[in-house]
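Inside the fold
Each chain is listed here by its residues.
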Amino acid sequence: MSNNENIEQNLQWFIITAIGGKEDSIIDALREKIHNFNYDEYVRTIRVFKDKIVKEEIFDKTDQALPKNLKNTKNVTWQTLPNGKYKKVKIKIVNKFPGYVFINMIMNPEVWYAIRNTPGVLGFVGSSGRGAMPIPITIEEYRAVENQTSAPSTTSTSVNETAIPAAPQEEVKKIYTTNLQVGNTVEITSGSFAGLSGVIKHLDNTKGQAGIELEMFGRITIVDIKYNELKSND
């Protein structure tokens, strides 16, 4: 058996827990450290899974929130609609699993030590923290996650809010209403976490979203989900 074949057989997928929002810079730091320490043969791939979120907002020409300069940018485009309305389309690329980095590697004590002592890395999923090396996820678990993002992961959200009537020249305040309550068990029906169920920890009527406690990869995480993407199980 060649050395390359031996490496392929011993590669496994692990999940690193990391500071949320810093995943890309942490991956850069890991790749640099692994290369500088000559650990390249032990690490094949470091990655996160990302989603493209498309948010649409409709503005009336008298809307105070309508910018004076409707300038298109890399992530924002404006369209003129009939009846003096304007549509803003904003594209945002987000980490599908905030705080998680996937790494395909051969587990080795020295490499494990180097990775977990990289700034921003909090540890490994499946590690007891008492000197026992972490447990890998199965290839089936990895492929299940990968398949969730294999199709175009675009969620279009048309913002259709109800405004509270305000006095003239006052800023119009927008609110959302819901029958959901803190403590309800809900199922996520669309978006990045479709099919998962969790418990509502808080509600935000100014944004129309709820904080849902989910268990992912053995770790409790709270994610914000739009009201219209939730179905109560209670």
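Residues numbered from 1 in each chain as written. Predicted model: local features only at pLDDT ≥ 70, side-chain atom pairs only at ≥ 80, totals over all residues. Heavy atoms only, no water.

Comments concerning the confidence of the model for the protein chain
Of all residues in the protein chain, 82% attain a pLDDT of 70 or more, and the chain-wide mean is 80. Within the protein chain, the lowest mean pLDDT, 30, falls on strand 9 (residues 162–163), and the highest, 95, falls on helix 2 (residues 23–36). Between residues 150–172, whose pLDDT stays under 50, and residues either more than four places distant or in other chains, the model counts 33 contacts. (pLDDT = per-residue confidence, 0-100. Helix = DSSP H or I, 4+ residues; strand = E, 2+ residues; numbered from the N terminus. Contact = heavy atoms within 4.5 Å.)

Considering the environment of Ile175
Among the structural elements, Ile175 can be located in strand 10 (residues 174–175). Along the sequence, Ile175 and Asn205 sit 30 residues apart, while their C-alpha atoms lie 5.6 Å from each other.

Section: helix 2
In this model helix 2 runs 20 Å from its N-terminal to its C-terminal C-alpha over 14 residues, within 8% of the 20 Å that 1.5 Å per residue would give. Structurally, helix 2 contributes buried residues whose contacts are with strand 1 (12–18), strand 2 (43–47), strand 5 (85–95), strand 6 (100–105), helix 3 (109–116) and strand 7 (121–124). One or two positions beyond helix 2, positive phi appears at Asn38, with a value near 60°. (Expected span 1.5 Å × (residues − 1).)

What about the pattern of salt bridges?
Counting across every chain of the model gives five salt bridges. One salt bridge connects Lys85 with Asp60, and the closest N-O pair in it is separated by 3.5 Å. Here Lys85, found in strand 5, pairs with Asp60, found in strand 3 (residues 50–60); they are 25 residues apart in sequence, far enough to count as distant. The residue Glu187 makes a salt bridge to Lys231 at a minimum N-O spacing of 3.7 Å. Note that Glu187 is positioned in strand 11 (residues 185–188) and Lys231 in strand 15 (residues 230–232), a separation of 44 residues in sequence. For Glu187, a relative accessible area of 25% puts it in the partly exposed group. (Salt bridge = Lys/Arg side-chain N within 4 Å of Asp/Glu carboxyl O. Buried < 20%, exposed > 50% of the residue type's maximum accessible area, 1.4 Å probe, protein only.)

Structural notes on the packing of aromatic side chains
Applying the stated criterion across every chain yields a total of 10 aromatic pairs. Ring centres 6.4 Å apart and planes at 65° place the aromatic pair Phe102 and Tyr142 in the edge-to-face group. Note that Phe102 is positioned in strand 6 and Tyr142 in helix 4 (residues 139–148), a separation of 40 residues in sequence. Judged by relative accessible area, which is 0%, Phe102 ranks as buried. With relative accessibility at 6%, the residue Tyr142 sits in the buried group. (Phe/Tyr/Trp six-rings, centres within 6.5 Å; stacked < 30°, edge-to-face > 60°.)

Concerning the sheet that holds strand 7
Pairing is antiparallel across the open sheet formed by four strands, whose spatial order is 2-6-1-7. For this open sheet the edge positions go to strand 2 and strand 7, each flanked by a neighbour on one side alone. Direction aside, neighbouring strands of the sheet carry axes that sit 30° apart on average. Summarising the sheet, strand 2 and strand 6 pair through four bridges and their orientation is antiparallel. (Pairing = 2+ DSSP bridges. Axes fitted to C-alpha atoms, helices over the stretch in contact; angles between N-to-C directions.)

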